[in-house]
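Chain by chain, the residues run as shown.
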There are 2 protein chains.
Amino acid sequence: MELDERKKIILTAIIQTYLTTGEPVGSRTISKYTDLNLSSATIRNEMSDLEEMGYIMQPHTSAGRIPSDKGYRLYVDELIRQKDQEVSDIKELMIEKTDRLEKVLKQVVKILAFNTNYATMIIGPAYHQNRLKFTQLSKVNENQILAIIVAEGNLVKNHMIELKEPIDEAELLKLNLLLNTQLNGLTIGEINLNMIQQMKQQAGIHSSVISSVVDAVAEAIQIDEEDMPFYTSGTTNIFKYPELAESSKASELIFAFEEKRELVEMLMENSLEEGRSPGADIQVYIGNESSIQTMKDCSVVTASYDLGKGMKGIIGIIGPKRMDYEKVVNNLKTLKTQLDSIFRKNGKTNT
Amino acid sequence: MELDERKKIILTAIIQTYLTTGEPVGSRTISKYTDLNLSSATIRNEMSDLEEMGYIMQPHTSAGRIPSDKGYRLYVDELIRQKDQEVSDIKELMIEKTDRLEKVLKQVVKILAFNTNYATMIIGPAYHQNRLKFTQLSKVNENQILAIIVAEGNLVKNHMIELKEPIDEAELLKLNLLLNTQLNGLTIGEINLNMIQQMKQQAGIHSSVISSVVDAVAEAIQIDEEDMPFYTSGTTNIFKYPELAESSKASELIFAFEEKRELVEMLMENSLEEGRSPGADIQVYIGNESSIQTMKDCSVVTASYDLGKGMKGIIGIIGPKRMDYEKVVNNLKTLKTQLDSIFRKNGKTNT
DNA sequence: ATTAGCACTCTGGCTTAGTGAGTGCTAATA
DNA sequence: TATTAGCACTCACTAAGCCAGAGTGCTAAT
């Protein structure tokens, strides 16, 4: 059987009404809603075909139809694309200017959650390609020194080091010099064991300090999943959609948000398999398409953003399958451009 | 009417059975459960009295009784106290040793949530009385310098400062010296405007840097409510208690956890009005006793902890009114002592 | 002061019947 | 051949009625 133009129109109509109502939609509704001027009986036949083809389904006999995952998929892939050009006339997202990246991220998820009425999350830039800017050792007291590590993008990391041997100012200065001449401008990939050995030799009795610093450097440049900056907002929005608000489902979802591990993993997938959806690194996972079992009744939309200097992060939106994909995608697009402009203009970011 | 010994026993019995079942408890149950050897009819009379006195109530005629807020209050205040000595044989809380305060806090809430099956939260130490240890300005590039501020308890704060005028190394050294000789060892209360003016004069053209640093110092020592370190765990535990799991209530509660502002305020009250409950800075708010409307169906137990050096923070547990107060209080007590021992031993903490 | 006994109340679960939305099929129509 | 009108049928949802169980309050007897 072939999916001709009329069937597409009907499918679109079904999906769109279902998006807003959340109720199964019947043939009569479509017959009136569209300007095809077809009787409900004809629509019924078409719907029967569409069901056979797997685009829609019935919750039970004698109920209206609801879109299947396959139906949604077609919808987001093909049927929405035409409107792609449409100006995204979304109100300015109003990101306050601030020099703290963390605050920006928190604001972004908050605004996005507010605008869309879905649950949102963001993971902060992973500094994959990030280069070391400078390091600084300062004496705190007799047996502790503080290592400050600044990477590109002004990501700052502090690390307290316990001393076995006391150290005087002159030696500290030497270590500082050593570290800065050797390491500055390198990415984590470029710092190899050979270099570290050399530095240790030159450091002599304080070689353990070098190890500590190098460890801290690694930690600073490459953030592990555990304390990857991850913020969420609008989790309670899921209560706005009856199909998700049911106690056990809501509980699972919110638990996922609290646990965050699974979500982070899911988002990370985005950066791997780019370019599935039309443009702009935006991806849509409908129901079981996402790798997490918990999300089988949800749709997840992810978008990667790029703050320049190799700082890439990912935004995600979680909502019911019947989410307003157009709106979400538009929101994400404008957000991307806004983030761009903010960070291209003033490069200030702390941690 | 007087609350004699027998009434107390019956009340205790009612509350304790209600704690475990969550169902209204009837006279027959009590008649069998206690060893008073009284018939249900007698119990009924006593219950009728207890109701008149306001300690228990009926959800509807011909249902059993449930404790009122007043009843719970009496229970936690008086009836539980006897067991106070009882060894808290709770399994060791198993806090991993780590030098990052943030991680400890996250662990604590997690463990506590797991142990108690309630929702938990913690606010990190506010460094009220905290003294400045040292500051350090480092040049990042032509028009940015990084200020590192270390306070007692090894709380580190970074602050990026934009320069209007370029600055050379010698000048930077001078500023560093100036800041350290003037400010080190002071609390925020001791740094007054007079000192700041003096320092600005000495700094000459770079006076604006001094302002920035002083601002950052203030921020470092005195954390504002906005980015007070605040962690939660086990929010989904509320779904385990039917009286809270109902969609609208659950939604409100979880929203409160996400918003966090109200919760922080509530916890802060703890530190103000100490010593309401028996020992050890532990306070119990039953239902409407707490200042937040959202919590009217919950009980909140808060405990302040002290890591020494003026670092005080607060832990909170939120659960249904029928929470296991004994267990919770015991958990909090052991936690307090454990936190104590950890931080008294090794004073390492970063941020 | 306590208890046995009884009438009464209320909830929750169950069944029943009725309604409305929607379908699928058949036969008539353009 | 594609469309439509018409009709029988299905299923979820709701309201009403009924019953059992748990629990109470009261009275009278111990």
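Keep in mind that what you see is a predicted model, and the values were worked out from it rather than measured.

Reading the values: rules and limits
- Residues numbered from 1 in each chain as written.
- Chains lettered and ligands numbered in written order.
- Predicted model: local features only at pLDDT ≥ 70, side-chain atom pairs only at ≥ 80, totals over all residues.
- Heavy atoms only, no water.
- Helix = DSSP H or I, 4+ residues; strand = E, 2+ residues; numbered from the N terminus.
- Buried < 20%, exposed > 50% of the residue type's maximum accessible area, 1.4 Å probe, protein only.
- Contact = heavy atoms within 4.5 Å.
- Areas by Shrake-Rupley, 256 points an atom, 1.4 Å probe, with all protein chains shown as cover.
- Least-squares fit on C-alpha atoms with pLDDT ≥ 70 in both.
- Near = heavy atom within 4 Å.
- Polar contact = N/O pair within 3.5 Å; in protein donor to acceptor, adjacent residues only side chain to side chain.
- Nonpolar A, V, L, I, M, F, W, Y, C, P; charged D, E, K, R; others polar.
- Salt bridge = Lys/Arg side-chain N within 4 Å of Asp/Glu carboxyl O.
- Axes fitted to C-alpha atoms, helices over the stretch in contact; angles between N-to-C directions.
- Parallel < 35°, antiparallel > 145°, perpendicular 65-115°, else oblique.
- Left-handed = near helix turned anticlockwise from the far one by under 90°.
- pLDDT = per-residue confidence, 0-100.
- Phe/Tyr/Trp six-rings, centres within 6.5 Å; stacked < 30°, edge-to-face > 60°.
- Lys NZ or Arg CZ within 6 Å of the ring centre and 35° of its normal.
- Expected span 1.5 Å × (residues − 1).
- Pairing = 2+ DSSP bridges.

Along the backbone of chain A there are twelve helices and ten strands. Taking all 351 residues of chain A together, the buried fraction comes to 53%. Counted over contacts in chain A with a minimum sequence separation of 6, partners at least 24 positions apart contribute 62%. Counting every atom, chain A has about 16100 Å² of accessible surface; 49% of that belongs to carbon and sulfur.

Before going further, it helps to examine the relation of the copies chain A and chain B. Once chain A is rotated about the relating axis by 180° and shifted along it by 0.0 Å, it coincides with chain B to within an RMSD of 0.1 Å. Here the copies are linked by what is in effect a two-fold axis. Within chain A, the C-alpha atom positioned nearest to the axis of rotation is that of Ser-247 of chain A, 3.3 Å from it. A symmetric contact is evident, with 100% of the interface residues of chain A recurring at the interface of chain B.

Taken together, 20 residues are adjacent to DNA strand D, and Arg-6, Thr-42, Thr-61 and Ser-62 of chain A together with Ser-27 of chain B come closest. In DNA strand D, atoms within 4 Å of the protein come from the sugar-phosphate backbone in 78% of cases. In this structure, His-60 of chain A approaches DNA strand D through a side-chain N or O atom, which is 3.5 Å from a sugar or linking oxygen. A distance of 2.7 Å separates a base oxygen of DNA strand D from a polar atom in the side chain of Ser-62 of chain A. Among the secondary structure elements, those contributing two or more residues to the surface near DNA strand D are helix H3 (40-53) of chain A together with helix H3 (40-53) of chain B. Counting residues per element, the surface near DNA strand D draws most heavily on H3 of chain A, at four residues.

Before going further, it helps to examine the protein's contact with DNA strand C. Neighbouring DNA strand C are 20 residues, the closest being Ser-27 of chain A together with Arg-6, Thr-42, Thr-61 and Ser-62 of chain B. When the atoms of DNA strand C within 4 Å of the protein are grouped by moiety, sugar and phosphate amount to 78% of the total. Between DNA strand C and Arg-6 of chain B there is a distance of 2.8 Å, counted from a phosphate oxygen to a side-chain nitrogen or oxygen. Between DNA strand C and Ser-39 of chain B, the relevant distance is 3.1 Å, taken from a phosphate oxygen to a main-chain nitrogen or oxygen of the residue. When contributions to the surface near DNA strand C are tallied by element, the ones reaching two or more residues are H3 of chain A together with H3 of chain B. With four residues, the top contributor of residues to the surface near DNA strand C is H3 of chain B. Across the surface near DNA strand C, the residue classes tally to four nonpolar, twelve polar and four charged.

On to the interface of chain A and chain B, then. At the junction of the two partners, chain A supplies 37 residues and chain B supplies 38 residues. Our enumeration of links across chain A and chain B arrives at zero salt bridges. Counting across the chain A and chain B interface gives six residue pairs in polar contact (both at pLDDT 80 or more). Counting only elements with at least two residues in the side of chain A that touches chain B, the list comes to helix H5 (101-116), strand E4 (132-141), strand E5 (144-151), strand E6 (155-162) and helix H10 (247-259) of chain A.

This part takes up the packing of helix H6 (residues 169-183) of chain B against helix H7 (residues 193-203) of chain B. Residue and element names in this part refer to chain B. Here H6 crosses H7 at 160°, and the two axes come no closer than 11 Å. Considering the angle they form, H6 stands roughly antiparallel to H7. The crossing of H6 and H7 is right-handed. Across the interface between the two elements, Leu-175, Leu-178, Leu-179, Gln-182 and Leu-183 of H6 pack against Met-195, Met-199, Gln-202 and Ala-203 of H7. In terms of residue class, the contact of H6 with H7 is made up of seven nonpolar, two polar and no charged.

Residue and element names in this part refer to chain A. Put simply, chain A has an average pLDDT of 83, and 82% of its residues get 70 or more. Note that residues 85-91 has pLDDT below 50 and, in this model, nine contacts with residues that lie over four places away or in other chains. Contacts for the low-pLDDT stretch residues 346-351, under 50 throughout, to residues beyond four places or in other chains number 21 contacts.

A positive phi angle is found at Lys-260 of chain A, which is not glycine, with a value near 65°. With respect to the helices and strands, Lys-260 of chain A occurs in the loop between H10 and helix H11 (261-272). Although it is not a glycine, Ser-62 of chain B adopts a positive phi angle of roughly 65°. Looking at the element boundaries, Ser-62 of chain B is found in the loop between strand E1 (56-57) and strand E2 (66-67).

Taken as a whole and judged by the stated rule, the model has four aromatic pairs over all chains. Centroid distance Tyr-72 of chain B to Tyr-325 of chain B: 6.1 Å. Interplanar angle 55°. Geometry classified as tilted. Taken together, the positions of Tyr-72 of chain B in helix H4 (residues 69-79) and Tyr-325 of chain B in helix H12 (residues 325-345) put the pair 253 residues apart, joining distant regions of the chain. The pair formed by Tyr-72 of chain B and Tyr-325 of chain B is uniform in burial state, with each residue classed as buried. Above the plane of the ring of Tyr-55 of chain A lies Lys-70 of chain A, whose end atom (NZ or CZ) is 4.7 Å from the centre.

What follows concerns helix H1 (residues 5-21) of chain A. Residue and element names in this part refer to chain A. Here H1 is 17 residues long and its end C-alpha atoms lie 24 Å apart, about the 24 Å a rise of 1.5 Å per residue gives. Lys-7, Ile-10, Leu-11, Thr-12, Ala-13, Ile-14, Ile-15, Thr-17, Tyr-18 and Leu-19 are the residues of H1 that are buried. Taken from the residues just after H1, Gly-22 is the one with a positive phi, measuring 80°.

Residues and elements named next belong to chain B. Packing of helix H1 (residues 5-21) against H3 leaves a shortest axis separation of 10 Å and a crossing angle of 85°. Taken together, the axes of H1 and H3 are roughly perpendicular relative to one another. Counted together, Arg-6, Lys-7, Ile-10, Leu-11 and Ile-14 of H1 and Thr-42, Ile-43, Glu-46, Met-47, Asp-49, Leu-50 and Met-53 of H3 form the full contact between these two elements. Of the residues assigned to the contact of H1 with H3, the class counts are seven nonpolar, one polar and four charged.

Residues and elements named next belong to chain B. Among the secondary structure elements, Asn-143 is positioned in the loop between strand E4 (132-141) and strand E5 (144-151). Placed 17 residues apart in sequence, Asn-143 and Met-160 show a C-alpha to C-alpha distance of 10 Å. Those residues in contact with Asn-143, other than ones at most four positions away along the chain, are Ile-161, Glu-162 and Leu-163.

Time to look at the pairing of E5 of chain B. Residue and element names in this part refer to chain B. Most of E5 is tucked away, with eight of its eight residues classed as buried. Burial of E5 is two-sided: the residues Gln-144, Leu-146, Ile-148 and Val-150 facing one way and the residues Ile-145, Ala-147, Ile-149 and Ala-151 facing the other way are all buried. As paired elements, E4 and E5 share eight bridges and run antiparallel to each other. Note on E5: the bridge partner recorded for Thr-135 is Ile-149.

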